[in-house]
Amino acid sequence: MFEKILIANRGEVALRVQRTCREMGVQTVMVYSEADVNAKYLRLADEAVCIGPPPAAESYLNIAAIVAAAEITEAEAIHPGYGFLSENADFAERVEKSGFVFIGPDPETIRMMGDKLAAKRAMQKTGLKMIPGSEQPLPADAAQAAEEAAKTGFPLVVKAAAGGGGRGMRVVHTDAVLANVISVLRREAQAAFGDSSLYAEKYLDNPRHIEVQILSDGKNAVHLGTRDCSLQRRHQKVLEEAPAPGLPRKREEGICEACVAACKKTGYKGAGTFEFLYDGERFYFIEMNARLQVEHPVTEMITGVDVVAEQIKIAASRRLDLKQKEIRFFGAAMECRINAEDPATFVPSPGLIRQYHAPGGNGVRVDSHAYGGYEVPPYYDSLLAKLVAYGEDRKQARARMQSALREYVIDGIATNLPLHARLLADAAFAQGGVGIRYLESKIKEGFAAPGAAV
Ligand code: ADP
């Protein structure tokens, strides 16, 4: 096992990884930007190293500074968390070449999964079903690209092969605007991801987003069941749960086993998530995330498995100790992403948290770096906390989440707590199994407006 791990991230996930390291008796090195110098979790770590000024490009994305921090602190391995450099193959390569262990898949795998079209091709070979669409990147010429994309049929979605985090995709309903949308998206993709390749895919009407968490060492693999992440706004997840409610048992087992088989066939190493759109009949693969995901705690709550500990163990020994038959599934869990943003306009709301009181009680877990007196910096993602509730069934998890939301006090800045409270009280949500468009349709009806009844 490693003696010392450097955590190349910030905020809640930096603290999350730090907690598991401490539990495993591993020392931690935190890196931080000048904007995070006062964050409390830095003081909980064994060492902390400043890696640059506030903008992420100069700090949390600064590969040379992070590797130098590992060198001066003599860390043995680097955990990238999620976001920032977690899916950057060049970073993983540089880490390994500098003599450290990258806690995640090998650089070639990261590179392939980062190109969604290449990932689709690879996964198709393992037998997973794909959404119909382009097999090759769209041609560079906009008119030709439009002609090629239109073969998919309307509505369709044009996606940047290197896109992520809900960015780099556009839904197109008619031929008239297609060439234009392709040109705009190509420029955006080049600017945002440094890669302008695009592909087209059939746009499914209102499917559910269902994903499978796996752990794999290249030879052996296990799954930790399903999650439902259909509650989204602008293709970004807002609330997630495990297991995906109401799935026919056979179908759920089938897709989980198919993911395990795909890991073995591709020799995947590390923790990962297969993402699917589910139309009530079939699971269509959309992408694989070759890293820890924001929503992993709901899986931890229903299995008792610490996903971060497993990542670290796989990286240290290159072996997975878990056996599928030893993994048990209990109850249900939900996670609300608490963001520092206006609940009606969704505009980020950085600033000083004056009062902070986190909820508690049986089955309630709060993963957050926030506290009273913490200043939310304006430079990064607005995720402030993940509020997780577990219950012996979905009904109990939901009741506990409602109670926890009522207890949660975050004063001084705006948060989306009221949006979550309304969502939890919604009849269709209570029923379970809504599609990916549901939340946006409710927001259009005024769900998030100030004063809407809870
Ligand atoms: P990202 O990497 O940005 O998360 P994904 O490919 O995982 O992008 O898609 C994110 C979300 O976008 C999905 O959960 C779904 O809501 C929506 N989406 C993506 N592809 C399609 C599609 N073909 N049809 C309908 N919705 C889609």
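Residues numbered from 1 in each chain as written. Predicted model: local features only at pLDDT ≥ 70, side-chain atom pairs only at ≥ 80, totals over all residues. Heavy atoms only, no water.

**Quick look at the overall build of the protein chain**
In terms of helices and strands, the protein chain carries 15 helices and 20 strands. The globule rule puts the C-alpha radius of gyration for 454 residues at 22 Å, and the 21 Å found for the protein chain is close to it. By principal-axis analysis of the C-alpha atoms, the protein chain measures approximately 55 × 55 × 45 Å. The buried share of the protein chain, taken over its 454 residues, is 57%. (Helix = DSSP H or I, 4+ residues; strand = E, 2+ residues; numbered from the N terminus. Rg over C-alpha atoms; globule rule 2.2 N^0.38 Å. Buried < 20%, exposed > 50% of the residue type's maximum accessible area, 1.4 Å probe, protein only.)

**Examining the site of the ligand**
Taken together, 21 residues are adjacent to the ligand, and Lys 159, Gly 166, His 209, Gln 232 and Glu 287 come closest. Separating an oxygen atom of the ligand from a side-chain N or O atom of His 235 is a distance of 3.2 Å. Interatomic distance of 2.6 Å between a side-chain N/O atom of Glu 287 and an oxygen atom of the ligand. Considering the ligand on its own, with 550 Å² of exposed area, one finds that the protein chains cover 96% of that surface. (Near = heavy atom within 4 Å. Polar contact = N/O pair within 3.5 Å; in protein donor to acceptor, adjacent residues only side chain to side chain. Areas by Shrake-Rupley, 256 points an atom, 1.4 Å probe, with all protein chains shown as cover.)

**Some points on the packing of helix 12 (residues 394-407) against helix 13 (residues 417-425)**
Between helix 12 and helix 13, the shortest axis-to-axis distance is 10 Å and the interhelical angle comes to 150 degrees. When the axes of helix 12 and helix 13 are compared, the pair comes out roughly antiparallel. Helix-helix and strand crossings are classified by hand; for helix 12 and helix 13 the assignment is left-handed. Between helix 12 and helix 13, the contacting residues are Arg 398, Met 401, Gln 402 and Leu 405 on the first element and Leu 417, His 420, Ala 421, Leu 424 and Ala 425 on the second. Taken together, the residues that form the contact of helix 12 with helix 13 break down as 6 nonpolar, 2 polar and 1 charged. (Axes fitted to C-alpha atoms, helices over the stretch in contact; angles between N-to-C directions. Parallel < 35°, antiparallel > 145°, perpendicular 65-115°, else oblique. Left-handed = near helix turned anticlockwise from the far one by under 90°. Contact = heavy atoms within 4.5 Å. Nonpolar A, V, L, I, M, F, W, Y, C, P; charged D, E, K, R; others polar.)

**Observations regarding the pattern of salt bridges**
Within this structure, the stated rule accounts for 29 salt bridges. Across the pair Asp 90 and Arg 111 runs a salt bridge whose closest N-O atoms are separated by 2.8 Å. Here the residue Asp 90 occupies a position in helix 4 (residues 89-97), and Arg 111 occupies one in helix 5 (residues 107-114), the gap between them amounting to 21 residues. Judged by its relative accessible area of 40%, Arg 111 is partly exposed. Linked through salt bridges whose partners overlap, the residues forming this network are Glu 211, Arg 227, Lys 237, Glu 240, Glu 275, Glu 295 and Arg 337. (Salt bridge = Lys/Arg side-chain N within 4 Å of Asp/Glu carboxyl O.)

**Details of the environment of Ser 59**
Among the structural elements, Ser 59 can be located in the loop between strand 3 (47-52) and helix 3 (63-73). According to the relative accessible area criterion, Ser 59 is buried, its value standing at 0%. Between the alpha carbons of Ser 59 and Phe 84 there is a distance of 9.9 Å; along the sequence they are 25 residues apart. Residue contacts for Ser 59: discarding those within four places in its chain leaves Ser 33, Ile 51, Gly 52, Pro 53, Pro 54, Ile 66 and Tyr 380. In terms of polar contacts, Ser 59 uses its side chain to reach the backbone carbonyl oxygen of Pro 55, at 3.1 Å.

**Describing the sheet that holds strand 2 (residues 27-33)**
Taken together, the 5 strands give an open sheet; going across it, the order is 3-2-1-4-5, and neighbouring strands pair in parallel fashion. Strands with a single pairing partner mark the edges of an open sheet, and in this sheet they are strand 3 and strand 5 (101-102). Bridge count for strand 2 against strand 3 is 5 bridges, and the pairing is parallel. Its bridge partner lying in strand 3, Tyr 32 is registered against Cys 50. (Pairing = 2+ DSSP bridges.)

**Topic: the packing of aromatic side chains**
Applying the stated rule across the entire model yields 11 aromatic pairs. Geometrically, the ring pair formed by Phe 274 and Phe 285 is edge-to-face, given 6.3 Å between the ring centres and 65 degrees between the ring planes. With Phe 274 in strand 12 (residues 269-278) and Phe 285 in strand 13 (residues 283-289), the pair connects residues that are 11 residues apart, well separated along the chain. For Phe 285, a relative accessible area of 0% translates into the label buried. Ring geometry for Tyr 379 against Tyr 380: centres 5.9 Å apart, planes inclined by 55 degrees, an arrangement best described as tilted. Residue class for Tyr 379 comes out partly exposed when judged on its relative accessible area of 45%. (Phe/Tyr/Trp six-rings, centres within 6.5 Å; stacked < 30°, edge-to-face > 60°.)

**Points about the pairing of strand 11 (residues 236-242)**
Burial analysis of strand 11 places 6 of its 7 residues in the buried class, which makes it a mostly covered element. Pairing of strand 10 (residues 221-233) with strand 11 involves 4 bridges; the strand directions are antiparallel. Its bridge partner lying in strand 11, Gln 232 is registered against Lys 237. Counting the residues in the hairpin turn of strand 10 and strand 11 gives 2 residues, including Arg 234, whose phi is positive at 50 degrees. Summarising the sheet, strand 11 and strand 14 (residues 332-339) pair through 4 bridges and their orientation is antiparallel. Residue pairing across strands places Glu 241 opposite Met 334, the latter belonging to strand 14.

**Considering the side chain of Glu 240**
Residue position: Glu 240 is located in strand 11. Taking the relative accessible area as the measure of exposure, Glu 240 reaches 0% and is therefore buried. Polar side-chain contacts of Glu 240 include one of 2.6 Å to the side chain of Arg 337. Setting aside residues no more than four positions away along its own chain, Glu 240 makes contact with Asp 228, Cys 229, Glu 295, Val 298, Ala 333, Met 334, Glu 335 and Arg 337.

**A word on the domain arrangement of the protein chain**
Here the protein chain is partitioned into domain 1 (4-103), domain 2 (132-202) and domain 3 (208-444). Relative to domain 2, the C-alpha centre of domain 1 lies at a distance of 35 Å. (Domains from an automatic or database assignment.)

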